[in-house]
Amino acid sequence: MLLTEEYLLVQETARSLADKVIRPHVEEWEKHKIFPRPAIDALAQAGFMGMLVPEQFAGSQSDHLAFVLSIIEIAKASGSVSTIMSVHNSLACAPILKFGTKAQQEQFLMPLARGEKLGAFCLSEPQAGSDAANCQTHASHHGDTFVLNGVKQFVTSGQHADIAIIFARTDKAAKQGGLSAFIVPTNTPGYQVAKLENKMGQHASEIAQIVLEDCRIPAAYMLGNLGEGYKIALGNLEGGRLGIAAQAIGMAEEALRLSMQYAKERKTFDHFLYQHQAIGFKLADMATQLEAAKQLLYHAALLRDANRPCLKEASMAKLFASEVAEKVCREAIQIYGGYGYLQDFPLERLYRDVRVAMIYEGTSEIQRYIISKELIKD
Ligand SMILES: CC(C)(COP(=O)(O)OP(=O)(O)OC[C@H]1O[C@@H](n2cnc3c(N)ncnc32)[C@H](O)[C@@H]1OP(=O)(O)O)[C@@H](O)C(=O)NCCC(=O)NCCSC(=O)CCS(=O)O
């Protein structure tokens, strides 16, 4: 797809910001599990934390295509930063824009879009990941308040976020229709960070377990209507999956770039690596599959920007991009040989960081389930 000057400019701005404020620090942030605050602040200043929000709500009024192009560039430098940015834009800002009241948009969306506040999305639970409708967190109505109790799992930025979108059961009997969405300031008493998970990669982006213990919020903080939470969550994840596809592509493009560079420098058996057909063909496959993943992603983003249904296309983009990206990073390590396995080189980190793209915001298996259901409908 040919990108217009406008999109090329967004891409270049994201790339140069990543090179200046992220790349020089990424190894230190990852090694010491440091939350990348300077990167988030710089992204906020440049308008990247409110990309899908109109100017009237303090956003930079871009669209999904610009968003995925930016995420790709940020992910080349850091998977962790791209995750924080993606979750904030697509899972925290987007639903308040779509379902929020004017008061909620003024109180919560505007500071989020300016990047003054950070957002999180609390859907999964210890016993409810893929089966999102099985959430057990409960919200009971008391006068003009709701009181939330339960446990939320795998919450990106759960500790550093200021505002969380939390899904909780308001009707025990109705499964899907029994969930409602709430906007919860994380300084509300009862919002507790119970645990920061130790994970395989993306160490600068925390994943928290959140315990909600008598967490009382005004009833006016309900997002959308009573019982509308499941639809809000799934519709939201449709957009989030574009961000995950984009970050997977970004990390894999970085792995491909490093592989190309190495194949042109390193000699074995008196020839540069790229001159061996075994390596040249690997590079060709990596580049071709990445290009195909990008075109799927751009197509899904354009559909979403045109307000056209894109559930199937977003799932296809996430499924294909995350699986191709894992393969590309794996092959890149193979090209580097023993050096690829060392922590002295970035491929080892890229391989760990990219792996989760096949899991979060809907596993590959869930994406296949969604695609197959949509195919039958077509
Ligand atoms: C497994 C699922 C795909 C659900 O499958 P089902 O077959 O049980 O449900 P459906 O019949 O498809 O849908 C039920 C209901 O919801 C409506 N729906 C479905 N998709 C959408 C959508 N995209 N937008 C709006 N509404 C939607 C559908 O029309 C049905 O309504 P009606 O009955 O027609 O009225 C699903 O459970 C699923 O996607 N599971 C995966 C969940 C997931 O991705 N979890 C990970 C969350 S990520 C996380 O928690 C971490 C976030 S972070 O990184 O911090």
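All values derive from a computational prediction rather than experimental measurement.

## Quick word on the overall build of the protein chain
(1) Moving on: Counting secondary structure elements, the protein chain contains 11 helices and 10 strands.
(2) Moving on: Compactness check: the protein chain gives a C-alpha radius of gyration of 21 Å against a globular reference of 21 Å for 378 residues, within 12% of the reference.
(3) Moving on: Reported as C-alpha extents along the three principal axes, the dimensions of the protein chain are approximately 80 × 50 × 40 Å.
(4) Moving on: Expressed as a percentage of the 378 residues in the protein chain, the buried residues total 55%.
(5) Moving on: If you take every contact in the protein chain between residues at least 6 apart in sequence, the share linking residues at least 24 apart comes to 74%.
(6) Moving on: Total accessible area computed for the protein chain in this model is approximately 16600 Å², and 53% of it derives from carbon and sulfur atoms.
(7) Moving on: Both charge centroids of the protein chain, one from 38 positive and one from 42 negative side chains, sit 3 Å from each other.

## Thoughts on the site of the ligand
(1) Moving on: Lining the immediate environment of the ligand, one finds 24 residues, of which Ser 124, Ser 130, Glu 238, Tyr 369 and Lys 373 sit closest.
(2) Moving on: Take Glu 238: an N or O atom from its side chain is 2.7 Å from a nitrogen atom of the ligand.
(3) Moving on: The side chain of Tyr 369 places a nitrogen or oxygen atom 2.6 Å from an oxygen atom of the ligand.
(4) Moving on: If the ligand stood free it would expose 1100 Å²; the protein chains cover 73% of that surface.
(5) Moving on: Listed by contribution, the elements that provide at least two residues to the shell around the ligand are strand E3 (145-156), helix H7 (229-265) and helix H11 (364-377).
(6) Moving on: With 7 residues, the single largest contributor to the shell around the ligand is H7.
(7) Moving on: Here the shell around the ligand spans two domains, and each of domain 2 (120-227) and domain 3 (230-377) adds at least three residues to it.

## Focus: the pattern of salt bridges
(1) Moving on: Tallied over the entire structure, the rule returns 22 salt bridges.
(2) Moving on: In this structure, the salt-bridge partner of Glu 73 is Lys 76, at a minimum N-O distance of 3.1 Å. Here Glu 73 and its partner Lys 76 are both found in helix H4 (residues 64-77), 3 residues apart, which amounts to about one turn of the helix.
(3) Moving on: Glu 73 gets classed as buried once you look at its relative accessible area, which sits at 3%.
(4) Moving on: Overall, Lys 76 belongs to the buried group, its relative accessible area being 15%.
(5) Moving on: A salt bridge links Glu 348 to Arg 352; its shortest N-O distance comes to 2.7 Å. Here Glu 348 and its partner Arg 352 are both found in helix H10 (residues 346-355), 4 residues apart, which amounts to about one turn of the helix.
(6) Moving on: Owing to a relative accessible area of 15%, Glu 348 belongs among the buried residues under this scheme.
(7) Moving on: Linked through salt bridges whose partners overlap, the residues forming this network are Glu 12, Arg 15, Glu 73, Lys 76, Glu 253, Glu 291 and Lys 294.

## With respect to the pairing of strand E2 (residues 138-142)
(1) Moving on: Judged from the 5 bridges that link them, E2 and E3 form a sheet pairing that is antiparallel. Considered in E3, the bridge of His 138 is made with Asn 149.
(2) Moving on: Taken together, E2 and the strand that follows it, E3, pair antiparallel across an intervening segment of 2 residues, in which Gly 143 is found at a positive phi of about 60°.

## Points about the packing of helix H5 (residues 79-99) against helix H6 (residues 102-114)
(1) Moving on: Packing of H5 against H6 brings their axes to within 10 Å, and their N-to-C directions diverge by 155°. When the axis of H5 is compared with that of H6, the two are roughly antiparallel. Between H5 and H6 the crossing geometry is left-handed. On the side of H5, the interface is formed by His 88, Ala 92, Cys 93, Ile 96, Leu 97 and Phe 99, while H6 contributes Gln 104, Gln 105, Phe 108, Leu 109, Leu 112 and Ala 113.
(2) Moving on: Looking at the contact of H5 with H6, its residues break down into 9 nonpolar, 3 polar and no charged.

## So, helix H8 (residues 277-305)
(1) Moving on: With 29 residues, H8 should reach 42 Å at 1.5 Å per residue; the first-to-last C-alpha distance of 42 Å fits that figure.
(2) Moving on: Within H8, burial applies to Ile 279, Leu 283, Met 286, Leu 290, Ala 293, Lys 294, Leu 297, Tyr 298, Ala 300, Ala 301 and Leu 303.
(3) Moving on: Buried residues along H8 sit in contact with H4, H7 and helix H9 (311-336).
(4) Moving on: Of the residues trailing H8, Asn 307 is marked for its positive phi of about 55°.

## Brief notes about the confidence of the model for the protein chain
(1) Moving on: Looking at the protein chain, the pLDDT average stands at 97 and 100% of residues meet or exceed 70.
(2) Moving on: In the model output, the complex is listed with pTM 0.97 alongside ipTM 0.94.

## Thoughts on the environment of Glu 28
(1) Moving on: Structurally, Glu 28 can be placed in helix H2 (residues 26-31).
(2) Moving on: In this structure, the C-alpha to C-alpha distance between Glu 28 and Ala 204, residues 176 residues apart in sequence, is 9.1 Å.

## Remarks on unusual backbone geometry
(1) Moving on: The backbone phi angle of Ala 58 is positive, close to 75°, even though this residue is not glycine.
(2) Moving on: Turning to its location among the elements, Ala 58 is positioned in the loop between helix H3 (37-45) and H4.
(3) Moving on: Of the residues examined, Ala 58 reaches a relative accessible area of 25% and is grouped as partly exposed.
(4) Moving on: Phi is positive for Ser 157, which is not a glycine, with a value near 60°.
(5) Moving on: Structurally, Ser 157 can be placed in the loop between E3 and strand E4 (163-169).
(6) Moving on: Judged by its relative accessible area of 1%, Ser 157 is buried.

Calculation criteria
Residues numbered from 1 in each chain as written. Predicted model: local features only at pLDDT ≥ 70, side-chain atom pairs only at ≥ 80, totals over all residues. Heavy atoms only, no water. Helix = DSSP H or I, 4+ residues; strand = E, 2+ residues; numbered from the N terminus. Rg over C-alpha atoms; globule rule 2.2 N^0.38 Å. Buried < 20%, exposed > 50% of the residue type's maximum accessible area, 1.4 Å probe, protein only. Contact = heavy atoms within 4.5 Å. Areas by Shrake-Rupley, 256 points an atom, 1.4 Å probe, with all protein chains shown as cover. Lys, Arg positive; Asp, Glu negative; His and termini not counted. Charge placed at Lys NZ, Arg CZ, Asp CG, Glu CD. Near = heavy atom within 4 Å. Polar contact = N/O pair within 3.5 Å; in protein donor to acceptor, adjacent residues only side chain to side chain. Domains from an automatic or database assignment. Salt bridge = Lys/Arg side-chain N within 4 Å of Asp/Glu carboxyl O. Pairing = 2+ DSSP bridges. Axes fitted to C-alpha atoms, helices over the stretch in contact; angles between N-to-C directions. Parallel < 35°, antiparallel > 145°, perpendicular 65-115°, else oblique. Left-handed = near helix turned anticlockwise from the far one by under 90°. Nonpolar A, V, L, I, M, F, W, Y, C, P; charged D, E, K, R; others polar. Expected span 1.5 Å × (residues − 1). pLDDT = per-residue confidence, 0-100.

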